[in-house]
Structures are given as C-alpha cells and as structure tokens.
Amino acid sequence: MTAGTSPLTALRVTQRNLLVYRRTWRGSVFGSFLTPLLYLGALGVGLGSFIAAQDTDALGGFTYLQFLGPGLLASTCMQTASFEATFPIMGKISWRRNYEAILATPLQVHHLLFGEAGWMTFRLTSISTVFLIVLVIFGIPTSPLALLAIPAAILTGLAFFLAIMAFTATQKNDAGFAAIFRFVVNPLFLFSGTFFPVDRLPDGLEFIASLTPLYHGVALVRGVVLAGPDLASWPVHLAYLVVFSSIAGFLAYTTLRRRLVK
Amino acid sequence: MLDGRPALGRMIPALTAGTISAPMTTTPDVLIRARALTKQFGALTAVDGVDFDVHVGEAFGFLGPNGAGKTSTMRMIACSSPMSSGELSVVGMNPTKQGAQIKARLGVVPQIDNLDAELTVLENLLMYARYFDIPGESARARAAELLDFVQLTDRANDQVEPLSGGMKRRLTIARALINEPELILLDEPTTGLDPQARHLVWDRLYRLKSRGVTLVITTHYMDEAEQLCDRLVVMDHAKIVAEGSPRELIERYSTREVLELRLTDATRASLNGRLDSVAERVEDLPDRILLYAADGEQALEKIHAQQIPIESALVRRSTLEDVFLRLTGRTLIE
C-alpha cells in the first residue's frame, strides 16, 4: 500500500490534531461551553423574563429563552470555528510550519484540508452535543427533531471554518484576524437572528442579514429545535449552507495550495 | 516493514537496477539526476539551469552563500516545490507525476525545525510514522531504535518545546528516518547549534552514510562540507559555479598552502607589488595579505630574503573556505 493514496489518509491529520488537543483542550472549554452558557443565563433567563411578558408573537409564539437557545447554539459553532480557522491554522502554516512537515510525507494539500475539516467536525460535534443537552435541561426542544440541530450546527460551523481558512491562507501575519472578528464574526453574532428576528432590522439591513451564512445556520437550527415556523424553509437554509461551504472549501484548497506549494 | 530485524542495519538501500521503478534515462547508481533544472518565482530566477547527478551512497553537498538557490534546489528534489523547467529524476521517478511515491522514500530535515511542539518526543515520531502508513507496532519499534540512535531515549516522554536546539535537531533527524529512507535531504543541518551539538549531528550523519544511506546536504559551513561531503557543488547567483570533491576543488581553485601575512601600514604602502613574484596569487585584505602558494614556508623565505619587515606570518593548508571565497567573492551578500 502506498501511503497517501487512500482518502482516509486525511484522517491522519485529524488524528494529529486530536493528539495535540489532548494536551490543550482545557483552554477551549471557556470559549466553547461556558461563555455561551453565560449568555443563555444572562439574556435568555434574565433579560428574557422582561420580554416574555410583552411580545412573544414576534418570536413565533415562543419564550425568549426558547428563541435564544438554538440561536446561541449556531453562533457558538460559528465563533469556535472562526477562531480555529485563524490563529491555529496560521500557526500550522507559518509559525510552527506543521504543514510543511506533513507535506514532506506522502500527504498532500487536500489531505490537510479534509483532515482539518474532520477535526473541526469533531470539535463542532462535541460542542453542539453538550449545548443541546443544556437546551434539553432548560426544556427548550419541542420534539426529537431537535437532534438534527447537531448536524445543522456542524454545517454552520464548517461554512465559517472553510471560508475563514481560505482567508487565513492568504495572510502574511495575524494582523487581519482582528478585522475578521470585528467586522464579520461579531456583527453576524449580533445581527443575524441570534438575539432577535432579522425582520426587526431596517429593510436594507434585513436583506443583508438574510444573505449571511449565520442567518441560515440560526434559522436551520432554530427550525429543528423548536419545530416552529422556521422549519418550513429548511431546504433553503440547508441548500445555502451546502453551496456556501462547497465554494468556501474550494477556495480554501486553492489558497492553501498556493501558499504551501510554491 | 521491519520483519524483526534491526531496521537501521537494513538501511543499506537494496537499490539495484531492478528495484528502481520506472527509471528515466538514469544509470542504475544515479539517485538524483538534474538537467537544466530551473526554478522561477515570478521575475526572480532562484535556480538557473543547473545540472548535477547524485550517486547512491554518497554524501553530496550544495555549498553557497544565502540566496544562492540551495534551498530552492532542495525543495524541488523533495517534491515540495514544482520545478519551472528542466528535467529532474529522484530515486528513478518524476517529481511532477510521482511526488507522493518519491516522498515515501525520502527523509527530509528542513532548515527550520517543524516539530509538533505540543507533543512528546516519542509522539512526534509515532505521528510521523502514521503519515507513512507504518503500522503501530513497527512504528513503536522503529521509534525506539531511532531515539536510541539520536540519544534521546531518556527524553522520549518529554514535550518537545523545552528541548535544546541540538535535541530538536536530532529529533528532526530521527523523524526523517522513520520511513527508512534511502535518500536523506538535510537543509543546513547544523545552523545555530553549539559545537558539541554540531559534532554529535555530524557523527550521526556519518554513521548513516557508512550504512549506505545517500545524503544531500546544503550548508554554508566549509568545515561541515569538508567533514561530510564526498562531492559537492558550489552555487552562486542561482548557478553551479564549481563541482568536485573538497580535495579536487581545493586543488583546482586554490593552492596547497596559504601564507597569511600581517604587515605595518608603512610596509604595505612601500611594497609596490614586490610580493607578486613570491606566490601564485596575492589577495590584499584590509587586515592582512594572503599569499597562495604550493609551499608557504618557501614563500616566506623569499619574503625574508627581500628583507620586508613582517609583523606576523602564518602558513596553513588551503581550505574549502579559500575556494568558496574565491568563487563567490568576499562581498557581503544580503
């Protein structure tokens, strides 16, 4: 058997990241699990107690906690995936040159990409599973359909992971990452339907928000968790995320290859 | 992979004509063959039409100042960098089409260590073995042998990050040997190491060579080239400017001995070329004068006979450094 010919070879890269994660997982717990829980407590339970009394029609008849929970699940996946696509990938490209080491073996650039995507899928699976359990504890999901929130959240995360990885592969240093978080990730977190329905935005902004991947991710996750009005439009959201991720994946491959093979 | 026998003992490549798959126009004992090999980065030509052959079992050196094109050449051999034009064959295969198969048979020691800093010494080797599809049991046996070979057995379970530069280098070398390569590419293997660490690395490389492994080394250390290389090429400005064994190059481009003279400024000002007849070549440096001669003592006697007052004189054998400086100049390259 010649190494590098099987598509499963990409799993070696996943395995390498898991091996490293065994040493470094503690640092990721706060961002991936505790911070979203603080939001859920402060906004969902605390702030939500005001909203519940007034205006649940705008939330599709659900309490604010029910509305917010699945939205936070999708945005947490976006945030973790976005972070993972910046500094850690940059480290492997140029600071610690791990990709150079791997590419000196029979593995090729597409193995790196699929291996990283496999690793990201593992992270997103663990985050969304824990998050879904928390939602169950809060009594938020309305049917077993809620289990589909896990693949929906993974897809949301992968869309961002691949798109930002494509960006990272073009960067000389980490200066551009602050801009990614300031002008992309954080605005999406605030305005793509996680905290309030996008129809509350002015028309122009509502349209822009509805074009972002997080909007579709939030709508898909919320649809399956609450089995509410969002559920009807699931094919649109799913198709959007699949197409977006495919294009992002292709761009990530192209930029990474240009960066690493020259 | 290992079939029970000590693997390092088996590293003598069974490289007869029959085992080379799909040979190009190479003779059986040519492991790397380059003709008009060229690498361009946009308008910059990093490697400009170089020709060379590396034979099985030899230690072959690329010598040259920074930016001469050594690393670019190495990266093309390692199939990490596609060539722009020319012809290249590595272990009998074509890097453009058979990169993965070639890499399976190479060991690469890069200029800058790229170990997995978060993993332990042993894990670095085991993980690398996975990339070559080496089964777990063989990988563990092989890793244990290699740690012993590079004297890191007692650090096997330590994390890589706090290790010294010399230890990281040795681990990188061990990692490059995990797939029992028949050809090892070393890009400036001892740059940045202290003398003890350098000698240990040299010793290990020498042992590999004596086991029949082919080494290709880039360096700008003359002593390293003289110690390790059977044959070398000197690169300058993207081209090969000389080729031969260290001995041959010294004979061709220098004299057997060099006389280093220090004179007072007044004496130097009054020389009027009187030294030219004493040696084959005279080089005027700011702090001293170098006289290249077959017999340095004889040259010194002639100078004494001319009653030129000397502050100090030193006769030494010519080194590769003399060749190198003659071929690539004394101007600082930056």
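Residues numbered from 1 in each chain as written. Chains lettered and ligands numbered in written order. Predicted model: local features only at pLDDT ≥ 70, side-chain atom pairs only at ≥ 80, totals over all residues. Heavy atoms only, no water.

Chemist: Explanation requested: the overall build of chain B in the structure shown.
Modeler: Per the secondary structure count, chain B includes eleven helices and 13 strands. Summarising its shape, the C-alpha atoms of chain B cover approximately 75 × 45 × 35 Å along the three principal directions. Expressed as a percentage of its 334 residues, the buried residues of chain B come to 55%. Taken as a whole, chain B presents about 14300 Å² of accessible surface, with 50% of it coming from carbon and sulfur. Distance from the positive charge centre (38 side chains) to the negative charge centre (47 side chains) of chain B: 3 Å. (Helix = DSSP H or I, 4+ residues; strand = E, 2+ residues; numbered from the N terminus. Buried < 20%, exposed > 50% of the residue type's maximum accessible area, 1.4 Å probe, protein only. Areas by Shrake-Rupley, 256 points an atom, 1.4 Å probe, with all protein chains shown as cover. Lys, Arg positive; Asp, Glu negative; His and termini not counted. Charge placed at Lys NZ, Arg CZ, Asp CG, Glu CD.)

Chemist: Just to check I follow, could you spell out the sheet that holds strand 3 (residues 59-63) of chain B for this structure?
Modeler: Within a sheet, each strand pairs with its neighbour through backbone hydrogen bonds, oriented either parallel or antiparallel. Residues and elements named next belong to chain B. What the six strands build is an open sheet, ordered 5-6-7-3-8-9; its pairing is mixed. What marks the edges here is a single partner per strand, and that holds for strand 5 (106-109) and strand 9 (239-244). Taken over all neighbouring pairs, the strand axes of this sheet differ in orientation by 15° on average, direction set aside. Pairing geometry for strand 3 and strand 8 (residues 231-236), over four bridges, is parallel. Among the inter-strand pairings, Phe60 is bridged to a residue of strand 8, identified as Arg231. Contacts from helix 8 (residues 246-253) reach strand 8 and strand 9, with the element oriented near 105° to strand 9. (Pairing = 2+ DSSP bridges. Axes fitted to C-alpha atoms, helices over the stretch in contact; angles between N-to-C directions. Contact = heavy atoms within 4.5 Å.)

Chemist: Any chance you could explain the nonpolar core here in plain terms?
Modeler: Counting 154 residues, the largest nonpolar core has Ile32 and Phe52 of chain B as the members making the most contacts within it. For this core, the element with the highest residue contribution is helix 7 (residues 149-168) of chain A, accounting for 14 residues. Among all residues touching Phe52 of chain B, those that are not within four sequence positions of it are Ile32, Arg33, Ala34, Arg35, Leu37, Phe60, Phe62, Thr73, Ile77 and Ile240 of chain B. Membership of the second largest hydrophobic core comes to 14 residues, among which are Leu275, Ala279, Ala299 and Ile303 of chain B. (Core = buried A, V, L, I, M, F, W, Y, C linked by side-chain atoms within 4.5 Å.)

Chemist: I would appreciate a short explanation of the sheet that holds strand 1 (residues 30-41) of chain B in the present structure.
Modeler: Residue and element names in this part refer to chain B. The sheet built from three strands is open, its strands ordered 2-1-4 with antiparallel pairing. Only two strands of the sheet have a single neighbouring strand rather than two, namely strand 2 (44-55) and strand 4 (85-90). In this sheet, neighbouring strand axes are inclined to one another by 15° on average, regardless of whether the strands run parallel or antiparallel. One ladder, built from eight bridges, connects strand 1 with strand 2; its direction is antiparallel. Looking at strand 2, one finds that Ala34 is bridged to Phe52.

These results come straight from atomic positions and should not be treated as a statement about function.
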